[in-house]
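# Examination of the molecular architecture
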Amino acid sequence: MRSLKKRELQSNAFLVAVSAVVLGLIAGAILMASIGSNPFTGFWYLFRGSLMNIERIGNTLATATTLMLVGLSVAFAFKTGLFNIGASGQMLVGGLCATIVAHKVFLPRPLFLAVLIGAALAGGALWGVIPGFLKAKFNVHEVVATIMMNWIAYWSVYYFVPAYLKGPSLETESASIAVSQSLRTDWLTNLFNGSYMNLGFFIAIIAVILIKFILDKTTLGFSLKAVGANRFCAEYAGIKVNQNVVISMMIAGGLAGLAGLSFYTGYSRNMQIGVMPSQGFDGIAVALLGASNPLGVFFSALFFGILQSGKGFMNAMTSVPPEIADTIIAVIIYFTATSVLFKRFWDAVFKRRNNRVNPQEEPVVTTPEREDK
């Protein structure tokens, strides 16, 4: 009797994400061609605009930093079966808390940075824990609660900035934060030739590592994923479902608050009123493309950062409008949302290939030999 070890190929989240990106780029190429532009020229300037020199690479990384932290926020909530659509509000509140600290608190640099990060983390966590509590205590759907919290944050900033943080000339934005009170630092600015690159990128890297560790190596991560997989089974197994819902939204809010920190005290160094940050919604796309995996979110944010940074240069050098890049992102989201279809397709392809490489042996039927009489 022989035993054969078969090595079977099967689809995974990475392959599904790559398929969505490729189809999104193809859709973008078709749109460029339909308006009479050369798709190859358009893509050349799109990627060149974000990667052609060290300054543009720094700006791309700074753009990706905010997307990375917001994507982590949405992805972490996804793991518990929650849809955190309130990252924009959490980002606003975290950014507002950090901006207040940047203007009002003066400490030695290491201690100041700790207080700055803690303020943004606490502000975002508070804005996330409220919908989490409402969900756990009164079963208020988190989508409704977080959308309402977005607008409460929006109008709070609209009032607070002109009243207490107004700049010397404009009523619509806060006073600019001094470089020494921001996440900018001389060695990074010089290294990336005057770009917006700041310490927020390293905060995002640390956040990716910590969230990966929490989800994969801790009891809390196991409990959160169990609640996300089936809250009723998790409750039957003794896991405190409501407590985990609150903790999940608190951590997700804190991550979005850090995104506000990196954007408002690192990238722009001021806050404008009347603007709901679009990064809060772009983070949903980042989380979907990254399959809610922290490492996937990291690379997904870098890709979207490239598209966001390069679209202006593409528009300046060609007749392709910058909205084409936004359309590519939208198409990628649509294809990512249909990941089940991609998985079935690739599973079928690999199954056929496996059968070709390792054909199944036909069973051999043995019959007892006839005895001579």
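For the structure, check the block above.
Anyway, here's the lowdown on the structure attached to this text. (Residues numbered from 1 in each chain as written. Predicted model: local features only at pLDDT ≥ 70, side-chain atom pairs only at ≥ 80, totals over all residues. Heavy atoms only, no water.)

Turning to the packing of aromatic side chains, a few remarks are in order. Per the stated rule, a full pass over the model turns up 17 aromatic pairs. Considering the side-chain rings of Trp155 and Tyr158, the 5.1 Å spacing of their centres and the 55° angle between planes classify their relative orientation as tilted. With a gap of three residues between them, Trp155 and Tyr158 both fall in helix α6 (residues 142-164), about one helical turn apart. According to the relative accessible area criterion, Tyr158 is partly exposed, its value standing at 38%. Seen in terms of ring centroids, Phe201 and Phe202 are 5.9 Å apart; in terms of plane orientation they differ by 75°. Their pairing is edge-to-face. Among the residues examined, Phe202 registers a relative accessible area of 35% and is labelled partly exposed. (Phe/Tyr/Trp six-rings, centres within 6.5 Å; stacked < 30°, edge-to-face > 60°. Helix = DSSP H or I, 4+ residues; strand = E, 2+ residues; numbered from the N terminus. Buried < 20%, exposed > 50% of the residue type's maximum accessible area, 1.4 Å probe, protein only.)

Quick look at the nonpolar core now. With 83 residues, the main nonpolar core has Leu92, Leu116, Leu261, Phe304 and Ile332 as its most contacted residues. With nine residues, the single largest contributor to this core is helix α3 (residues 54-79). Not counting chain neighbours up to four residues away, the residues in contact with Leu116 comprise Ala98, Val101, Ala102, Gln181, Leu183, Leu261 and Thr265. In this structure, Ala77, Leu82, Ala234 and Ile239 belong to the second largest nonpolar core, which totals 10 residues. (Core = buried A, V, L, I, M, F, W, Y, C linked by side-chain atoms within 4.5 Å. Contact = heavy atoms within 4.5 Å.)

Interaxial distance between helix α4 (residues 87-104) and helix α5 (residues 109-138) falls to 7 Å at its minimum, and their mutual angle equals 150°. On the basis of their axis angle, the class for α4 and α5 is roughly antiparallel. Here α4 and α5 pass one another in a crossing that is right-handed. Mapping the contact onto sequence places Gly89, Gln90, Val93, Gly94, Cys97, Ala98, Val101 and Ala102 in α4 and Phe112, Val115, Leu116, Ala119, Ala120, Gly123, Gly124, Trp127 and Gly128 in α5. (Axes fitted to C-alpha atoms, helices over the stretch in contact; angles between N-to-C directions. Parallel < 35°, antiparallel > 145°, perpendicular 65-115°, else oblique. Left-handed = near helix turned anticlockwise from the far one by under 90°.)

Tracing the chain through its elements places Asn84 in the loop between α3 and α4. Take Asn84: its relative accessible area is 0%, and that puts it in the buried class. Among the polar contacts listed, one links the side chain of Asn84 to the side chain of Ser73, at a separation of 3.0 Å. At 3.1 Å, the side chain of Asn84 forms a polar contact with the side chain of Gln90. Look past the residues within four positions of Asn84 in its chain and what remains in contact with it is Ser73, Val74, Ala77, Gln90, Thr146, Met249 and Ala252. (Polar contact = N/O pair within 3.5 Å; in protein donor to acceptor, adjacent residues only side chain to side chain.)

Scanning the model with the defined rule gives five salt bridges in all. Between Glu142 and Lys135 there is a salt bridge; the shortest N-O distance is 3.3 Å. A single burial state applies to Glu142 and to Lys135, both of which are buried. Lys212 is paired through a salt bridge with Asp216; the nearest N and O atoms lie 3.0 Å apart. Here Asp216 and Lys212 lie together in helix α8 (residues 200-217), a separation of four residues that amounts to about one turn. Taken together, the shared-partner salt bridges in this structure form one network comprising Lys212, Asp216 and Lys225. (Salt bridge = Lys/Arg side-chain N within 4 Å of Asp/Glu carboxyl O.)

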